[in-house]
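For reference, the chains in residue letters:
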Amino acid sequence: GIQVEQSPPDLILQEGANSTLRCNFSDSVNNLQWFHQNPWGQLINLFYIPSGTKQNGRLSATTVATERYSLLYISSSQTTDSGVYFCAVEVHYGQNFVFGPGTRLSVLP
Amino acid sequence: EAGVTQFPSHSVIEKGQTVTLRCDPISGHDNLYWYRRVMGKEIKFLLHFVKESKQDESGMPNNRFLAERTGGTYSTLKVQPAELEDSGVYFCASSRDRVYTEAFFGQGTRLTVV
């Protein structure tokens with residue numbers, strides 16, 4: 001099956017810093033989404049981005065499907081950005097997502 | 001438009017007891033999915049409904065788990081009897097179509113089995 005890797009596994013930032021999270025996948029995908037799991041365990045949709053670039057406030061994402069990777073950019077990080085960031089891909093029709101292992105982000109005040 | 005809603009948000013039960021989780025998908029979404037993240041591991045797919053029919057239940061771990069979606073609206077996931085290793089966060093997601101559409105996740109139910 002498809003392999004989904006995320007890097008780095010852990011990231012500690014000072015408030016205000018910028019960061020880039022990466023998601024690599026081993027096969028062509030029909031769909032890719034980024035999620036943020038906050039410290040309370042809630043999974044928040046960030047981006048639906050099978051290809052191209054999107055921006056939402058301080059967050060933006062780029063997926064280069066032909067090269068099988070996606071990047072999530074966080075600018076001017078805030079303590080509320082802390083949590084685990086997951087990318088998930090859909091390989092076959094039916095949206096049974098395969099999730100990456102996540103990047104755990106800690107933003108310090 | 002309301003998002004995907006899950007009940008309860010948190011449940012603490014003793015080993016051997018039964019727990020039922022509920023998911024209300026976004027109105028009009030025929031596709032409903034259950035996922036879970038246990039013991040800090042990766043989020044794993046459990047099963048997929050299209051309306052009231054189980055399309056794929058290959059991720060269900062064992063027969064202690066029973067999912068239903070009567071009438072093609074809300075879904076329940078019952079764990080009976082619960083074991084310690086069932087502790088984790090259970091997520092529900094829904095989508096309008098099967099392909100090329102965004103899946104929306106609920107806030108999850110944190111299940112703790114003691």
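Residues numbered from 1 in each chain as written. Chains lettered and ligands numbered in written order. Predicted model: local features only at pLDDT ≥ 70, side-chain atom pairs only at ≥ 80, totals over all residues. Heavy atoms only, no water.

**Student:** What am I meant to see in the pattern of salt bridges here?
**Tutor:** Oppositely charged side chains may form a pair once their charged atoms are brought near each other. Applying the stated rule across the entire model yields six salt bridges over all chains. As a salt-bridge pair, R58 of chain A and D81 of chain A come within 2.9 Å of each other at their nearest N and O atoms. Separated by 23 residues along the polypeptide, R58 of chain A in the loop between β6 (52–56) and β7 (59–64) and D81 of chain A in the loop between β8 (69–74) and β9 (83–90) bring together distant segments of the chain. On the accessibility criterion, R58 of chain A (26% relative accessible area) is partly exposed. Judged by relative accessible area, which is 7%, D81 of chain A ranks as buried. D86 of chain B is paired through a salt bridge with R36 of chain B; the nearest N and O atoms lie 4.0 Å apart. Here the residue D86 of chain B occupies a position in the loop between β8 (75–79) and β9 (88–95), and R36 of chain B occupies one in strand β4 (residues 31–38), the gap between them amounting to 50 residues. Neither residue differs from the other here; D86 of chain B and R36 of chain B are each classed as buried. It is possible to trace a salt-bridge network through shared partners that takes in R36, R64 and D86 of chain B. (Salt bridge = Lys/Arg side-chain N within 4 Å of Asp/Glu carboxyl O. Helix = DSSP H or I, 4+ residues; strand = E, 2+ residues; numbered from the N terminus. Buried < 20%, exposed > 50% of the residue type's maximum accessible area, 1.4 Å probe, protein only.)

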